[in-house]
Amino acid sequence: MASADDKSYDDINVTPMVDLYLVLLLIFIIMTTAGVQGVKVDLPRASKAAAPKMDGPKMQAITIDNQGKIRLNTTPISSLAELESKLSAVKASAPDTPVVVRGDRGSQYQGVMDVLDVLGRVGITKIGLATEPSK
């Protein structure tokens, strides 16, 4: 009669091999992220006279509250014609001025569309609509 010790094993134990593969994978991940960070170089220096001006045009904010009242930055605006004249003056002084339109959630859609129409007539093309991120 054969004992349990004489039994031949047909299965290969792959657990040590999987451990070896995971260690190698970890080593490759660490090495590739360490190499991506970049190479240190000594950058050339430029004279201060040749440095480009980094100041861009000041952003303008148009706010429309839930009563339909319009403000340019913090200044109350009484009519769309007044808004158009002030935006024309801003456009004349800085043609690339960005404008952000901030409409209250409870405001009428027509008020926002009127302001966008004024921006189109003035010729301002850098327009953003401010929103809050969803939760």
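One can find the structure itself at the top, above this paragraph.
Notes on the structure follow. Only a predicted model underlies this, so the values are computations on that prediction, with no experimental measurement involved. (Residues numbered from 1 in each chain as written. Predicted model: local features only at pLDDT ≥ 70, side-chain atom pairs only at ≥ 80, totals over all residues. Heavy atoms only, no water.)

**A word on the packing of helix 2 (residues 80-93) against helix 3 (residues 109-122)**
Logical step 1: At their nearest, the axes of helix 2 and helix 3 sit 10 Å apart, and the two run at 40° to each other. One way to sum up the angle between helix 2 and helix 3 is to call them oblique. Crossing angle aside, the handedness with which helix 2 passes helix 3 is right-handed. Taken together, the residues of helix 3 that come into contact with helix 2 (itself represented by L80, L83, E84, L87, S88 and K91) are D114, V115, V118, L119, R121 and V122. (Axes fitted to C-alpha atoms, helices over the stretch in contact; angles between N-to-C directions. Helix = DSSP H or I, 4+ residues; strand = E, 2+ residues; numbered from the N terminus. Parallel < 35°, antiparallel > 145°, perpendicular 65-115°, else oblique. Left-handed = near helix turned anticlockwise from the far one by under 90°. Contact = heavy atoms within 4.5 Å.)

**Some thoughts on the side chain of Q60**
Logical step 1: Its location among the elements puts Q60 in strand 1 (residues 60-64).
Logical step 2: Side-chain polar atoms of Q60 contact the side chain of N73, separated by 2.8 Å. (Polar contact = N/O pair within 3.5 Å; in protein donor to acceptor, adjacent residues only side chain to side chain.)

**Looking at the layout of surface pockets**
Logical step 1: Estimates place the volume of the largest pocket at around 370 Å³.
Logical step 2: Lining the largest pocket are 14 residues, with G103, D104, R105, A130 and T131 positioned closest to its centre.
Logical step 3: Within the residue set of the lining of the largest pocket, elements represented by two or more residues are strand 1, strand 4 (99-103) and helix 3.
Logical step 4: A class-by-class count of the residues in the lining of the largest pocket yields 6 nonpolar, 4 polar and 4 charged. (1 Å grid on protein atoms, 1.4 Å probe; cavity = no way out; pocket = protein on both sides within 12 Å on 5 of 7 lines; lining within 4 Å. Points joined across faces, edges and corners; volume = space filled by probe spheres on them. Nonpolar A, V, L, I, M, F, W, Y, C, P; charged D, E, K, R; others polar.)

**Section: the pairing of strand 1**
Along any regular strand the residues' side chains alternate between the sheet's two faces.
Logical step 1: For strand 1, a buried count of 4 out of 5 residues is recorded, marking the element as mostly surrounded by other parts of the structure.
Logical step 2: Judged from the 3 bridges that link them, strand 1 and strand 2 (residues 70-72) form a sheet pairing that is antiparallel. Of the residues in strand 2, the one forming a bridge with I64 is I70.
Logical step 3: Turn length for the strand 1-strand 2 hairpin, with the two strands adjacent in sequence and antiparallel, is 5 residues, and the turn residue G68 shows positive phi of about 90°. (Buried < 20%, exposed > 50% of the residue type's maximum accessible area, 1.4 Å probe, protein only. Pairing = 2+ DSSP bridges.)

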